[in-house]
Amino acid sequence: MSKAMTLLYEVYNGLYVNLTNRCSCRCTFCLRGQGESVCGSDSLWLEREPTFEEVRDAFARFDMEKYDEVVFCGFGEPTEAWEVLKEVAAYVKETYGLPVRVNTNGQGSLINGRDIAPEFAGIIDAVSISLNTPNPERYAELTRSQFGDAAFPAMLDFAREVKRSVPDVTMTTVETTLTPEEEAACQRICDDLGVNYRIRLWVDQGKITK
Ligand code: SF4
């Protein structure tokens, strides 16, 4: 495995942010087991986690006029680096005026030991949460979260709560992985939570799995 300090990488019209390789899950389908990069980027395995100043300086090396949005994704769960993420998101909005999205496994409140949903207000415009399956037991099998059975209900609670702070909240599953009945169950879950439901490709615009 090669390591680099690839903090930002392009995916189509978006600039993606790679803050951490930590993750509360060990998903059976995680793309990190398939390679080191996304969309031709250098290795997304980090030598170490960056500071806010290092990420800020990395933005200065890109032509920010080229991008439609900034997306926190990368080779890990972005809310594992929540304090740096918030600083970077606020900086991006203030400096470049671009929309900011977070792609997450939805376990950020468990990871940080408090409800982080209200902290999204004003700095994050969109959140994409991996629902994966409507079935809690299957979710535990697939994600192998360090939080065990607590992860699935916490992920749903996060979706409900973050909807109060963020205008665009979408939960996703991957196409061909669920039956039509299961997808209909996912749609009902999302309807109950008041969030969008989207069935996406496995490798979708650089969202490795989220
Ligand atoms: S797929 Fe996402 S949530 Fe699952 S282990 Fe990989 S980085 Fe973590």
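Placed above this text is the structure.
Residues numbered from 1 in each chain as written. Predicted model: local features only at pLDDT ≥ 70, side-chain atom pairs only at ≥ 80, totals over all residues. Heavy atoms only, no water.

Section: the pattern of salt bridges
Turning to step 1, where the next piece is worked out: For the coordinates displayed, the defined rule picks out 14 salt bridges.
Turning to step 2, where the next piece is worked out: The partner of arginine 101 in a salt bridge is glutamate 69, with the nearest N and O atoms 2.7 Å apart. With arginine 101 in strand S4 (residues 100–104) and glutamate 69 in strand S3 (residues 69–72), the pair connects residues that are 32 residues apart, well separated along the chain.
Turning to step 3, where the next piece is worked out: Relative accessible area serves as the criterion here: at 9%, arginine 101 is assigned to the buried category.
Turning to step 4, where the next piece is worked out: Between glutamate 119 and lysine 86 there is a salt bridge, with the nearest N and O atoms lying 2.8 Å from each other. Placement of the pair is glutamate 119 in the loop between helix H3 (108–112) and strand S5 (126–130) and lysine 86 in helix H2 (residues 82–96), with a sequence separation of 33 residues.
Turning to step 5, where the next piece is worked out: A single network of salt bridges, built from pairs that share partners, joins Glu83, Lys86, Arg114 and Glu119. (Salt bridge = Lys/Arg side-chain N within 4 Å of Asp/Glu carboxyl O. Helix = DSSP H or I, 4+ residues; strand = E, 2+ residues; numbered from the N terminus. Buried < 20%, exposed > 50% of the residue type's maximum accessible area, 1.4 Å probe, protein only.)

Remarks on the nonpolar core
Turning to step 1, where the next piece is worked out: Ranked by size, the top nonpolar core spans 49 residues in total, and within it Phe59, Phe72, Phe120, Ile124 and Met171 carry the most contacts.
Turning to step 2, where the next piece is worked out: Counting residues per element, this core draws most heavily on helix H5 (residues 151–162), at seven residues.
Turning to step 3, where the next piece is worked out: Apart from the residues lying within four places of it in its own chain, the contact partners of phenylalanine 120 are Trp82, Val102, Val127, Phe158, Val162, Ser165 and Val166.
Turning to step 4, where the next piece is worked out: Counting residues in hydrophobic clusters, the runner-up holds nine residues, among them Tyr9, Tyr16, Trp45 and Cys73. (Core = buried A, V, L, I, M, F, W, Y, C linked by side-chain atoms within 4.5 Å. Contact = heavy atoms within 4.5 Å.)

A closer look at the sheet that holds strand S6 (residues 168–174)
Turning to step 1, where the next piece is worked out: Reading across the sheet, the seven strands line up as S1-S2-S3-S4-S5-S6-S7 and stay open at both edges, with mixed pairing between neighbours. The two strands at the open ends of the sheet, each matched to only one other strand, are strand S1 (8–11) and strand S7 (196–200). Put simply, the sheet's adjacent strands are angled 25 degrees from each other on average, direction ignored.
Turning to step 2, where the next piece is worked out: Direction of pairing for strand S2 (residues 14–17) relative to S3: parallel, over a ladder of four bridges. (Pairing = 2+ DSSP bridges. Axes fitted to C-alpha atoms, helices over the stretch in contact; angles between N-to-C directions.)

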